[in-house]
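Commentary on secondary and tertiary structure
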Amino acid sequence: MSQVADIEKVPVSFACQRCLQPIVLDETLENISVHALAELSLPIYASNVNTIDAQDNSFDHFVPPYRLTDSINGTGFMLVSDGRDNKKWSAAFKLKAELFDCLSSNSEIDHPLCEECADSMLEIMDRELKIAEDEWSDYKNYLKQLEQQQDCPNVAELEKELAELKENEQKLLNQLSDLKVEEQGLNAAIENEEKEKQKLQDQEASYWREYTKHRRELMLTEDDKRSLECQIAYAEQQLEKLKDANIFNITFHIWHAGHFGTINNFRLGRLPSASVDWSEINAAWGQTVLLLCALARKIGLTFERYRIVPFGNHSYVEVLGENRELPLYGTGGFKFFWDTKFDAAMVAFLDCLTQFQQEVEKRDPEFLLPYKMEKGKIIDPSTGNSYSIKIQFNSEEQWTKALKFMLTNLKWGLAWVSSQFDNNQ
């Protein structure tokens, strides 16, 4: 048998049973004799008594005839039926079919085969034959060794050894059974331990969550603590500053602006060259009244005959026992200059300031105010001139100077009180 190659038109009746490629049979198969066919039909193995059914005309391995023709591009071939009726087979074709059926029935290989597949099968069979020959050689050598042994085995000893082996086997089986029971117990214990482990892991996760929560709260608390410590430190610094500070000087800043005495930047007085608005004068009087009240309360002084009432720019002096109020504020105008209540209020205020001076000098005889005050007037010790606190029948210059001297006395009184009560402000 040979595979077809480089033939334009060749009738093909069989295909390779391994690679399914069309094949062309060798010409010698056309002239096979009946005796040769009979010999080929004999079984290959002695135990194989199967014969070919003479009446079987199915041709299981038959492939309808085809022809090899050139393909369109000249690089391959295609199979085309030769148009013959498959019921009218030639004797030579039937002979070939029966031959291939006999060969296929007597071996594990289906026929026909192409040349390449046949060579491949021969290589495989050669390897199997080599393996079989090696096994046969091993068995033959072992048989020779057995035949050379002269001493026959002692059956009694072998049976005793067999009994011992069976007894050992039974012991081992019993041990195996015990080990299986123990294994089951260990598996149950492992399962319980796994449950306990899972429980502990859940508890650990819960504890870690609680720890993280408390840790966060601790960090926030520590931040709050540090913040509070910083606030306390700042507050202590401010407290030290406040302890060193004079609260009266901070609250009531008495100074001067030219000919005017000022308290908290409010001018007290009027000049022809500087017409101060009465709202500013009233505000200055309100600050002055508040200062004298604070100083008297600080030293525990209660004024006689009068009670001064700080009421902003409408402060006044109350005459005790007469139920009468004297305003320490003015509105200006022609009528104002003939109103004696404002002058009486300033005289009463100067009387209260004199009472404060007497109380201070009583407590500290060495302390003296720079300007002496008596009966509504302020005396300059350097010149001996006296200046009235009233506005009627008085010039604006002298009234403004009297108010400036009065504020100077208040400033000195403020300084004395601050020095006496530095730790108790």
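Residues numbered from 1 in each chain as written. Predicted model: local features only at pLDDT ≥ 70, side-chain atom pairs only at ≥ 80, totals over all residues. Heavy atoms only, no water.

Where an unreviewed UniProt entry is consulted, the protein appears under the name Beclin-1-like protein, with the organism given as Stomoxys calcitrans. Database annotation for the protein, UniProt heading Sequence similarities (unreviewed entry): "Belongs to the beclin family." (UniProt positions renumbered as here; feature names shortened; annotations may be inferred.)

Soluble globular proteins tend to bury their nonpolar side chains together. In terms of nonpolar packing, the biggest core is built from 57 residues, with Trp285 and Met406 touching the most fellow members. For this core, the secondary structure elements donating two or more residues are strand 8 (260-263), helix 6 (278-299), strand 10 (306-309), strand 11 (316-319), helix 7 (340-363) and helix 8 (396-420). By residue number, the principal contributor to this core is helix 6, which donates 12 residues. Residues in contact with Trp285, not counting those within four places in the same chain, are Leu268, Leu328, Phe342, Met346, Phe349, Leu403 and Met406. Formed by 11 residues, the second largest nonpolar core is a distinct cluster that contains Cys16, Phe93, Phe100 and Cys114. (Core = buried A, V, L, I, M, F, W, Y, C linked by side-chain atoms within 4.5 Å. Buried < 20%, exposed > 50% of the residue type's maximum accessible area, 1.4 Å probe, protein only. Helix = DSSP H or I, 4+ residues; strand = E, 2+ residues; numbered from the N terminus. Contact = heavy atoms within 4.5 Å.)

As a further point, take the side chain of Asn394. For Asn394, the position within the fold is in the loop between strand 15 (386-388) and helix 8. Apart from the residues lying within four places of it in its own chain, the contact partners of Asn394 are Ser388 and Trp399.

With that settled, the discussion passes to the pattern of salt bridges. Under the criterion given, the structure shown has 11 salt bridges. Between Arg305 and Asp351 there is a salt bridge, and its shortest N-O distance comes to 2.9 Å. In this pair, Arg305 is assigned in the loop between helix 6 and strand 10 and Asp351 in helix 7, connecting sequence segments 46 residues apart. Taking the shortest distance from any N to any O, the salt bridge between Glu318 and Arg307 comes out at 2.5 Å. Of this pair, Glu318 sits in strand 11 while Arg307 sits in strand 10; the two residues are 11 residues apart in sequence, bridging distant segments of the chain. For Arg307, a relative accessible area of 42% gives the class partly exposed. Taken together, the salt bridges that share partners define one network made up of Glu304, Arg305 and Asp351. (Salt bridge = Lys/Arg side-chain N within 4 Å of Asp/Glu carboxyl O.)

Let us now look at the side chain of Glu280. Structurally, Glu280 is set in helix 6. Separated by 2.9 Å, the side chain of Glu280 and the backbone nitrogen of Arg267 make a polar contact. Residues in contact with Glu280, not counting those within four places in the same chain, are Asn265, Phe266 and Arg267. (Polar contact = N/O pair within 3.5 Å; in protein donor to acceptor, adjacent residues only side chain to side chain.)

In the contact formed by helix 6 and helix 7, the axes pass within 11 Å of each other and the chain directions differ by 30 degrees. In terms of orientation, helix 6 and helix 7 fall into the roughly parallel class. Handedness of the crossing formed by helix 6 with helix 7: left-handed. Contacts between helix 6 and helix 7 involve Trp278, Trp285, Thr288, Val289, Leu292, Leu295 and Ile299 from the first element and Phe342, Met346, Phe349, Cys352, Leu353, Phe356, Glu359 and Arg363 from the second. By residue class, the composition of the contact of helix 6 with helix 7 is 12 nonpolar, 1 polar and 2 charged. (Axes fitted to C-alpha atoms, helices over the stretch in contact; angles between N-to-C directions. Parallel < 35°, antiparallel > 145°, perpendicular 65-115°, else oblique. Left-handed = near helix turned anticlockwise from the far one by under 90°. Nonpolar A, V, L, I, M, F, W, Y, C, P; charged D, E, K, R; others polar.)

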